[in-house]
Protein chains: 2
Amino acid sequence: MNTLEAINARTSYRGKYTDDKVPKEHLQAIMEAGLAAPSGCNKQTTYLIAVDDSSILKKLHEVIQPPIGDTAPAMICVLTKRIAAYRDKCFATQDYAAAIENMLLAIVELGYQSCWIEGHITDEDRIGYQMARILGVPDEYELVCFLPVGKAEEELKKVFKQPFEKRAWFNGFQNK
Amino acid sequence: MNTLEAINARTSYRGKYTDDKVPKEHLQAIMEAGLAAPSGCNKQTTYLIAVDDSSILKKLHEVIQPPIGDTAPAMICVLTKRIAAYRDKCFATQDYAAAIENMLLAIVELGYQSCWIEGHITDEDRIGYQMARILGVPDEYELVCFLPVGKAEEELKKVFKQPFEKRAWFNGFQNK
């Protein structure tokens, strides 16, 4: 698959996963793809934890309510350190988002599916914080997202997107 | 090039560009890759303007001081609309960062180079705002980043990154 094909094949998968395990070398390759993303002033504010131990996965999914991605045989948790990169500016959100997008593409390239789960775990009930406690993550890191990883059991669905000409133009705003 | 190769080949290029033009269909393909990125609650908050008209490029580079990417024959400007996606949460930064990463990979796939230029134009001197005015962008959109696009004239350099085991672990924090 070339990059453009992977970019177009990627979708947010919210269905069930098969029982097929994800080999450790694939989880490693996915995380390497994440860490290869650029970061503001090269501050490398993103850290990752892959989880494929079924007892730890079970503990994590106990706090992820309502459940999502709980049938996946693995997940990758995304941690950020919100430090200033340039004067008082922090680019940690941009940094981890770029890392997540790289990982989502690597996941598709390797034949798996995933979904960017962030809003659900960074809300008032602080599920991400509870997940971080289970994984022994110190307080200076924030667990902001997790990506289930596994083979899709159900059909993939594409969300509706606005047509190109409503969102992209040449040489001026709304100029075709 | 497969996706993992493109992810590893991508680097932040700050050198000079050759005079080779970027065909419109390549700019379109790069922008399509950007728009294919996921967005929080599918709000599609990212908008794009490719610029390859030399007189408009000249006007834009007059306000980008100190200069960067000014020898590139094209650029893609990234606009965001900071609207709430979920309760009072806005994921516009994550949305445009994922779109930018997709575009950087598409740029590499198509044989070009680029660099994510954000901090430089979103500072107190509000270069991004001045660029937006030149492009006729209404005030509800914020111009947060631009990507020069062109063929590299100079050698590519890779930045130093921390080793994998300092940033990624399995089944627990700092667990190898």
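A. Spatial organisation of the packing of aromatic side chains. A full pass over the atoms with the stated rule returns ten aromatic pairs over all chains. These aromatic residues form a ring-pair network of at least three members: Y47 and Y141 of chain A together with W169 and F173 of chain B. Seen from the ring of Y129 of chain A, R126 of chain A lies directly overhead, with NZ or CZ sitting 4.2 Å from the centre.

B. The arrangement of the interface of chain B and chain A in detail. Contacts between chain B and chain A engage 71 residues on the former and 71 residues on the latter. Of the roughly 6,100 Å² buried between chain B and chain A on both sides combined, carbon and sulfur atoms contribute 58%. Three residues, R167, N171 and F173 of chain B, lead the burial of chain B against chain A; their summed loss comes to 13% of the area buried on that side. Joining chain B to chain A, the criterion identifies four salt bridges. Between R87 of chain A and D123 of chain B there is a salt bridge, and its shortest N-O distance comes to 3.0 Å. Counting only elements with at least two residues in the side of chain B that touches chain A, the list comes to α1 (3-9), α2 (24-35), β1 (46-51), α4 (92-109) and β4 (168-170) of chain B. Partitioning the side of chain B that touches chain A into residue classes produces 39 nonpolar, 17 polar and 15 charged.

C. Region of the structure containing the relation of the copies chain B and chain A. In the superposition of chain B on chain A (RMSD 0.0 Å, axial shift 0.0 Å), the rotation amounts to 180 degrees. Such a combination of rotation and displacement between the chain copies is what one expects of a two-fold axis. Both copies present the same face, since 100% of the interface residues in chain B are matched by interface residues at the equivalent positions in chain A.

D. Spatial organisation of the pattern of salt bridges. Scanning the model with the defined rule gives twelve salt bridges over all chains in all. Across the pair D52 of chain B and K24 of chain B runs a salt bridge, and its minimum N-O distance is 3.6 Å. One end of the pair, D52 of chain B, is in the loop between β1 and α3 (54-63); the other, K24 of chain B, is in helix α2, and 28 residues separate them in sequence. A relative accessible area of 22% means that D52 of chain B is categorised as partly exposed. One connected set of salt bridges, linked through shared partners, spans R87 of chain A together with D123 and E124 of chain B.

Calculation criteria
Residues numbered from 1 in each chain as written. Chains lettered and ligands numbered in written order. Predicted model: local features only at pLDDT ≥ 70, side-chain atom pairs only at ≥ 80, totals over all residues. Heavy atoms only, no water. Phe/Tyr/Trp six-rings, centres within 6.5 Å; stacked < 30°, edge-to-face > 60°. Lys NZ or Arg CZ within 6 Å of the ring centre and 35° of its normal. Contact = heavy atoms within 4.5 Å. Buried area = accessible area lost by both parts, 1.4 Å probe. Salt bridge = Lys/Arg side-chain N within 4 Å of Asp/Glu carboxyl O. Helix = DSSP H or I, 4+ residues; strand = E, 2+ residues; numbered from the N terminus. Nonpolar A, V, L, I, M, F, W, Y, C, P; charged D, E, K, R; others polar. Least-squares fit on C-alpha atoms with pLDDT ≥ 70 in both. Buried < 20%, exposed > 50% of the residue type's maximum accessible area, 1.4 Å probe, protein only.

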